[in-house]
Amino acid sequence: MADDGPVPNSAGMAAPRSAVPAGACDAHCHILDPRFPSPDAAKPSGMTFDDYRLLQARLGTQRAVVVQSKFHRKDHACLLDALHRFDGAGRGIGVLDPGASDDELKRLDAGGVRGLRFSVWNPADTVTTIEMIEPLARRIADLGWHAQLHMMGDQIVAHAALLKRLPCPIVFDHMGRLPPSLGPEHAAFAVIGDLLAAGRAWVKLAGAYLNTQAGAPDYPDASAIARAFIDLAPERLVWGSDWPHVTEPAGHKPDDAVLLDLLDGWSGAEVVRTRILVDNPAELYGFG
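Cut-offs and rules
Residues numbered from 1 in each chain as written. Predicted model: local features only at pLDDT ≥ 70, side-chain atom pairs only at ≥ 80, totals over all residues. Heavy atoms only, no water. Buried < 20%, exposed > 50% of the residue type's maximum accessible area, 1.4 Å probe, protein only. Helix = DSSP H or I, 4+ residues; strand = E, 2+ residues; numbered from the N terminus. Pairing = 2+ DSSP bridges. Right-handed = clockwise from strand over helix to strand, strands pointing away. Expected span 1.5 Å × (residues − 1). Bend = angle between axes of the 7 residues up to and from the residue. Contact = heavy atoms within 4.5 Å. Axes fitted to C-alpha atoms, helices over the stretch in contact; angles between N-to-C directions.

With that settled, the discussion passes to the pairing of strand S2 (residues 63–67). A large share of S2 lies buried, amounting to five of its five residues. With three bridges joining them, strand S1 (residues 25–29) and S2 adopt parallel strand pairing. Paired with Cys29 across the strands is Val66, a residue of S2. Where S2 meets strand S3 (residues 90–94), four bridges bridge the pair, whose relative direction is parallel. Residue pairing in the sheet places Val66 in a bridge with Gly92 of S3. With helix H2 (residues 77–86) bridging S2 and the parallel S3, this β-α-β connection has right-handed handedness.

See below:
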């Protein structure tokens, strides 16, 4: 996989095999822009709003959910700039700690933010901690926001009691990061499934390359996980590209059109695909 296509940080040149329906949403992407302050010395390239627009043009998606990147930590200037430029077709997921003021929550809400992310799967580089989830969940519940969790499957099992008592909806990143060798047989699938059945959770069908041992282009082990979630609760799923694939090194970026094409096989029917790309994200993120 070489990232030498027309879109920075994305391999391939072709459009997806099937055109997406009107209002299709990429529910998980990141914007990293060196114009905005960051404590990191390294300034990433090819990850700006304008670069992402090239990906939208290639995939045909019209709506996007921008997830605050670790590069920008808790400074939301870049995120809010992107949401403003989307002009109603974008929503955001922020990153805060419990010291955030009520005014900051209101400012982010007015700017299009609809949830907070807790990416705690890798303790070496996390900005937030598991201990921050519940106190912040209690503060965002009245805003109608959700808690977006990037946890490994074992973490989901270990903190199942916490997840069940959160007062706000939960969105599980990257198909719950179930171990590829176990997939739906892992205990986290049942924990997530109970929350889905209760109408308290959603799952992002994103990051197939994070949930595979078999690899591209078909990601059969990750595909088995995605199909299991679709069989279980197609009304509680959204799809995301995870562009610009910050976990993947330069020269080994996935092909975003291929990632979108996977949804054709996973969903099995156009009505299900449309639900995942259009109807579900419209409900979850409040697109008009």
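Let us look at helix H10 (residues 270–285). In this model, H10 (16 residues) spans 22 Å end to end at C-alpha, consistent with the 22 Å of a helix rising 1.5 Å per residue. The largest bend along H10 measures about 40 degrees and falls at Ile276. Buried within H10 are the following residues: Val272, Arg273, Ile276, Leu277, Val278, Asn280, Pro281, Ala282, Leu284 and Tyr285. In the segment just after H10, Gly286 is the residue with positive phi, at about 75 degrees.

Here the focus is the environment of Leu143. Among the secondary structure elements, Leu143 is positioned in the loop between helix H4 (133–140) and strand S5 (146–150). Here Leu143 is in contact with Leu105 and Asp109, once residues within four sequence places are set aside.

This part takes up the sheet that holds S1. The strand order across the open sheet formed by eight strands is S1-S2-S3-S4-S5-S6-S7-S8, and the pairing between neighbours is parallel. Single-partner strands in this sheet number two, and they are S1 and strand S8 (237–239). Each strand axis lies, on average, 25 degrees off the axis of its neighbour in the sheet, ignoring direction. Taken together, the three bridges between S3 and strand S4 (residues 113–119) define a ladder with parallel strand orientation. Paired with Ile93 across the two strands is Gly115, which belongs to S4. Against the sheet, H2 contacts S2, S3 and S4, and its axis sits at roughly 165 degrees relative to S3. Against the sheet, H10 makes contact with S1, S2, S3, S4, S5, strand S6 (170–172), strand S7 (201–205) and S8, and its axis sits at roughly 110 degrees relative to S8, the strand it touches most.

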